[in-house]
Amino acid sequence: MNKDMKPVETNLTLAADFPEAAHDQWLKLVDRVLGGAPFEKKLVSRTYDGIELQPLYTRENWNAEGDPAGLPGGAPFTRGGKVLSTSLNGWDIRQCHRHPDPATANKQILEDLERGVTSITLKVDPSGANGVAIQSAADLLKTLEGVFLELAPIALEPVSLPLPVAALLMQVLDSRGISPEKFTGNFGVDGFANLAANGKLSADLKTGLARMADMAAHVSRTYPNARTFNVRSVVYHSAGAADAQEIGCAVASATEFLRAMTDAGLDISAACRQIAFTLAVDADFFATVAKVRALRKLWGRIAEACGADVNNRMAPITAYTAPRMMSRRDPWVNILRTTVACFGAGIAGADAVTVLPLDAAIGQPSDLARRIARNTQVTLQEESGLNRVIDPAGGAWMFESLTDEIAEKAWTFFQGIEKQGGMANALTSGFIATQIAAVHAERTKNIGKRKDPITGVSEFPNIHEKPVDAATAHTTNEIAKPIGDIGALPAPSNGTLTKALVESARGGANIAAMREVLVSEQIATMTPLPNVRLAEDFEHLRDLGDTFKDEFGQRPKVFLANIGRVAEFTARAQFAKNFFEAGGIEAVAGAGGTDSAAIIQDFKNSEASFAVVCSSDAVYAEHAATLAIALKNAGVAVVYLAGRPTDQESALKSAGVDEFIFIGCDAHAVLADAHKRLKAGR
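What you are looking at is a predicted structure, and each value in this text was computed from that prediction instead of being measured.

**Observations concerning the overall build of the protein chain**
Step number 1: Helix and strand counts for the protein chain come out as 24 helices and 15 strands.
Step number 2: The C-alpha atoms of the protein chain give 29 Å as radius of gyration, which agrees with the globular expectation for 682 residues (26 Å, within 12%).
Step number 3: Seen along its three principal axes, the alpha-carbon backbone of the protein chain occupies a region of about 90 × 85 × 55 Å.
Step number 4: Put simply, 77% of the contacts in the protein chain that link residues at least 6 apart link residues at least 24 apart.

So this is what it looks like as structure tokens:
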């Protein structure tokens, strides 16, 4: 450098010459854009937990004294369990397998493990109706043949009878000579999830909890790196629960399991080591990130309050892409939904993630769907590098604020469950079902009005889409007869019952034989929680359209009675097309113009049963009434008009307009009524 040259300034403060922006100044600019429209109505949205989502978050939104979120790896574990110096290997790529045939399930498991998956959720249903038809240790051995269980952990998800299924896995581990210290999986016990889904347990609640605690005592002593409980809150999410309700149910279940374990003699830290969670995550990215973090925070506080040492206050969380968001129609959109959910779970620091295949709502997943599901995770880790940053949401005011608000709402719901006497009583009394049903009803109403749009179903439907065929699989739908003489089982106490079940499995007893001796005269019962999908009401309307086509050779049709120039009718014509095709009724567009006779001729050529008048309000004032009269005279069964009712409503109805369709109207009700009219007119 020349000695006369001045050194270059390296510490530039680019914003130094600008005044600090104030929130009030921003609000004034927003008000100018809104033109007098209320800020709260236009820019603030509300979740089903009653949380207000602001358009802009600042430090003031997060009322934090110090840093209540802590640091990564430290209490209250909001920011995850990894410290800054921890090597970043990413989350566990976990796939769920449920093919009823053990041999086929084994083939699919090995294929997934060879191509990027690192652990397996094994859904077990002895009948084969909703999981692998495992009825004996031999079936489980066949399912897991060639799987290195000490390297690829197995998390069980029994549809029912969790203790016998877990006993079979323990027998398989023993028969294959796998050291108990090397098994890091989960035995999948969650009696409350089974009760909520099936409506019954094999015993009364007190006995059921004692049996689960007995297994936890055995696992704690025998499998030091495994866990007994997998608290599956997905069942509550699939029933329609809001985020805070789902978290409240999860921590309430885990708390009751803690009580049962400590009553059975485990110390609180050992009991906490037996807990893991499986949480539903969906396409609401911001809520997904905050939800996973809120569960960690809440459970850390509960474990702390119970007296667990700091190393045992964080339970692993598996994020499971929500079954209720999956659609049967246009299932390719499911790839986008699950990618967003997986991305959110990764940002939030989930310990494991399960991505559902795109055709999960249709039937058994295809090879292509399973490949896309696992590669979604592989791509996000290895190409997007999400595993290279610890808690990227940390310190972001929106995420921190939303995390705290969801945690507070979940804590309130948890307290409501505790007031009912705990999770068991809250389930059997109907408290949980009633609370969730209220949210589900509100959400269903908003879906019907398309305020909660479902892409490819209620919005932007492709009525001519080629269906994705479901893979078929043979199921037995029945449990084999009992095999093996078990005799009387000991009462649950410090693992004695579990050891007896494992010995029975070692002697050849199958699940049916274990069930026979485990079922009590008095069992816990309740009305099962519903298992819903958000798209199913609109998909039912699409099914009605398909049935009509199968019967009459063409879909039901609605004629778009366009008036005026293209620029005048296009917006509402497109709206009407999407509106009716979301219900399985094909839209046939008219050419437009103002000649009623020509429009009527287009209608007759369309072979439609209904017509919807489409144009601007100005054109309606001049031509809509005349056209409505002409359409009625031409035999149109129902005349709709695209637009909100105005001061012309009475005159238009007198002219023959039967219904007004507009943004925010009850689209599902209108379309369901249309199908009723179609059926009545056959």
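**Section: the packing of helix α5 (residues 162-175) against helix α7 (residues 205-222)**
Step number 1: Contact geometry for α5 and α7: axes closest at 11 Å, N-to-C directions at 20°. Regarding the angle of α5 to α7, the classification is roughly parallel. Along this stretch, α5 crosses α7, giving a crossing that reads as left-handed. Of the residues in α7, those touching α5 at L163, A166, A167 and M170 are R211, M212, M215, H218 and V219.
Step number 2: Per-class residue counts for the contact of α5 with α7 are seven nonpolar, one polar and one charged.

**Some thoughts on the pairing of strand β13 (residues 610-614)**
Step number 1: Counting buried positions over the five residues of β13 gives five, a clear majority of the element.
Step number 2: By the alternation rule, side chains of β13 split into F610, V612 and C614 and A611 and V613, which are all buried.
Step number 3: Note that strand β11 (residues 557-562) and β13 share five bridges and pair parallel. Paired with A561 across the two strands is V613, which belongs to β13.

**Quick word on the packing of helix α12 (residues 333-348) against helix α13 (residues 367-382)**
Step number 1: In the contact formed by α12 and α13, the axes pass within 10 Å of each other and the chain directions differ by 40°. On the basis of their axis angle, the class for α12 and α13 is oblique. For the crossing formed where α12 meets α13, the hand is right-handed. Here I335, T339, C342 and F343 of α12 come into contact with α13, specifically with I372, T376, Q377 and L380.
Step number 2: Here the residues of the contact of α12 with α13 sort into five nonpolar, three polar and no charged.

**Remarks on the nonpolar core**
Step number 1: One finds L122, F187, Y236, M261, I275, F277 and I432 to be the most contacted residues of the largest nonpolar core, which totals 139 residues.
Step number 2: Membership of the second largest hydrophobic core comes to 54 residues, among which are A561, A587, V657 and F660.

**Description of the sheet that holds strand β12 (residues 586-589)**
Step number 1: In spatial order, the strands read β12-β11-β13-β14-β15; together these five strands make up an open sheet with parallel pairing. Each edge of the sheet is formed by a strand with only one pairing partner; in this case those strands are β12 and β15 (659-661). Neighbouring strand axes in the sheet, compared pairwise and without regard to direction, differ in orientation by 30° on average.
Step number 2: One ladder, built from three bridges, connects strand β14 (residues 638-642) with β15; its direction is parallel. Among the inter-strand pairings, Y640 is bridged to a residue of β15, identified as E659.

**Focus: the pattern of salt bridges**
A pair can form between side chains of opposite charge whenever their charged atoms are brought close.
Step number 1: Going through the model one piece at a time under the given rule, you end up with 33 salt bridges.
Step number 2: Residue E539 is joined to R533 by a salt bridge in which the shortest nitrogen-to-oxygen separation is 2.8 Å.
Step number 3: Among the ionic pairs, E581 bridges to K577, the shortest N-O distance being 3.2 Å. You can see E581 and its partner K577 sitting in helix α20 (residues 566-581), four residues apart, about one turn around the helix.
Step number 4: Taking relative accessible area as the criterion, E581 reaches 3% and is therefore assigned buried.

**Remarks on the side chain of N106**
Step number 1: Relative to the assigned elements, N106 resides in helix α3 (residues 102-114).
Step number 2: By relative accessible area, N106 is classed as buried at 10%.
Step number 3: With near-sequence residues (within four places) excluded, N106 lies in contact with K142, T143, L144, E145 and V147.

**Remarks on helix α6 (residues 191-198)**
An α-helical turn contains 3.6 residues, so any two residues separated by three or four positions project in the same direction.
Step number 1: Burial runs high along α6: six of the eight residues are buried.
Step number 2: Along α6, the positions that sit buried rather than exposed are G191, F192, A193, N194, L195 and A196.
Step number 3: Immediately beyond the C-terminal end of α6, within one or two residues, lies G199, with a positive phi of roughly 85°.

**Considering helix α11 (residues 285-306)**
Step number 1: Compared with an ideal rise of 1.5 Å per residue, which puts 22 residues at 32 Å, α11 spans 32 Å between its outermost C-alpha atoms and is within 8% of the ideal.
Step number 2: Buried residues dominate α11, accounting for 17 of its 22 residues.
Step number 3: Among the residues trailing α11, G307 stands out with phi positive, at a value near 100°.

**A word on the packing of aromatic side chains**
Ring pairs (aromatic) are described by centroid distance and by the angle formed between their planes.
Step number 1: On inspection of all chains with the given rule, the structure shows 19 aromatic pairs.
Step number 2: With a centroid separation of 5.4 Å and an interplanar angle of 70°, the aromatic rings of F285 and F286 are classed as edge-to-face.
Step number 3: Since its relative accessible area comes to 41%, F286 is described here as partly exposed.
Step number 4: Here F580 and Y640 contribute two aromatic rings whose centre-to-centre distance is 5.0 Å and whose plane-to-plane angle is 70°, an arrangement assigned as edge-to-face. Of this pair, F580 sits in helix α20 while Y640 is found in strand β14, placing the two residues 60 residues apart along the sequence.

**Here we look at the environment of K409**
Step number 1: In this structure, K409 sits in helix α14 (residues 397-419).
Step number 2: A residue is classified by how much of its surface remains accessible, and K409, at 36% relative accessible area, is partly exposed.
Step number 3: In this structure, the C-alpha to C-alpha distance between K409 and S119, residues 290 residues apart in sequence, is 33 Å.
Step number 4: When sequence neighbours within four positions are dropped, the list of residues in contact with K409 reads D49, G50, I51 and A244.

**Things to note about a positive patch on the surface**
Step number 1: A cluster of basic side chains, namely K41, K42, K445, K451 and R644, defines a positive patch on the protein surface.
Step number 2: If you trace the backbone, R644 turns up in the loop between β14 and α23 (649-655).
Step number 3: Using a relative accessible area of 53% as the deciding quantity, one classes R644 as exposed.

**Some words on the pairing of β14**
Step number 1: Counting buried residues along β14, five of its five residues qualify, which places the element largely inside the surrounding structure.
Step number 2: Because side chains alternate across β14, one face comprises the buried residues V638, Y640 and A642, and the other comprises V639 and L641, equally buried.
Step number 3: Two strands pair when backbone bridges link them, and β13 and β14 are joined in this way by four bridges, in the parallel orientation. Bridge pairing links V613 to L641 in β14.
Step number 4: Crossover handedness for the path β13 to helix α22 (residues 617-633) to β14: right-handed.
Step number 5: Handedness of the β-α-β unit built from β14, α23 and β15 comes out right-handed.

**Topic: the environment of P482**
Step number 1: In this fold, P482 is placed in the loop between α16 (431-448) and α17 (496-506).
Step number 2: The class of P482 is partly exposed, set by a relative accessible area of 41%.

The rules behind each value
- Residues numbered from 1 in each chain as written.
- Predicted model: local features only at pLDDT ≥ 70, side-chain atom pairs only at ≥ 80, totals over all residues.
- Heavy atoms only, no water.
- Helix = DSSP H or I, 4+ residues; strand = E, 2+ residues; numbered from the N terminus.
- Rg over C-alpha atoms; globule rule 2.2 N^0.38 Å.
- Contact = heavy atoms within 4.5 Å.
- Axes fitted to C-alpha atoms, helices over the stretch in contact; angles between N-to-C directions.
- Parallel < 35°, antiparallel > 145°, perpendicular 65-115°, else oblique.
- Left-handed = near helix turned anticlockwise from the far one by under 90°.
- Nonpolar A, V, L, I, M, F, W, Y, C, P; charged D, E, K, R; others polar.
- Buried < 20%, exposed > 50% of the residue type's maximum accessible area, 1.4 Å probe, protein only.
- Pairing = 2+ DSSP bridges.
- Core = buried A, V, L, I, M, F, W, Y, C linked by side-chain atoms within 4.5 Å.
- Salt bridge = Lys/Arg side-chain N within 4 Å of Asp/Glu carboxyl O.
- Expected span 1.5 Å × (residues − 1).
- Phe/Tyr/Trp six-rings, centres within 6.5 Å; stacked < 30°, edge-to-face > 60°.
- Patch = residues over 30% accessible without salt bridge, like charges linked within 9 Å, V, L, I, M, F, W, Y side chains within 5 Å.
- Areas by Shrake-Rupley, 256 points an atom, 1.4 Å probe, with all protein chains shown as cover.
- Lys, Arg positive; Asp, Glu negative; His and termini not counted.
- Charge placed at Lys NZ, Arg CZ, Asp CG, Glu CD.
- Right-handed = clockwise from strand over helix to strand, strands pointing away.

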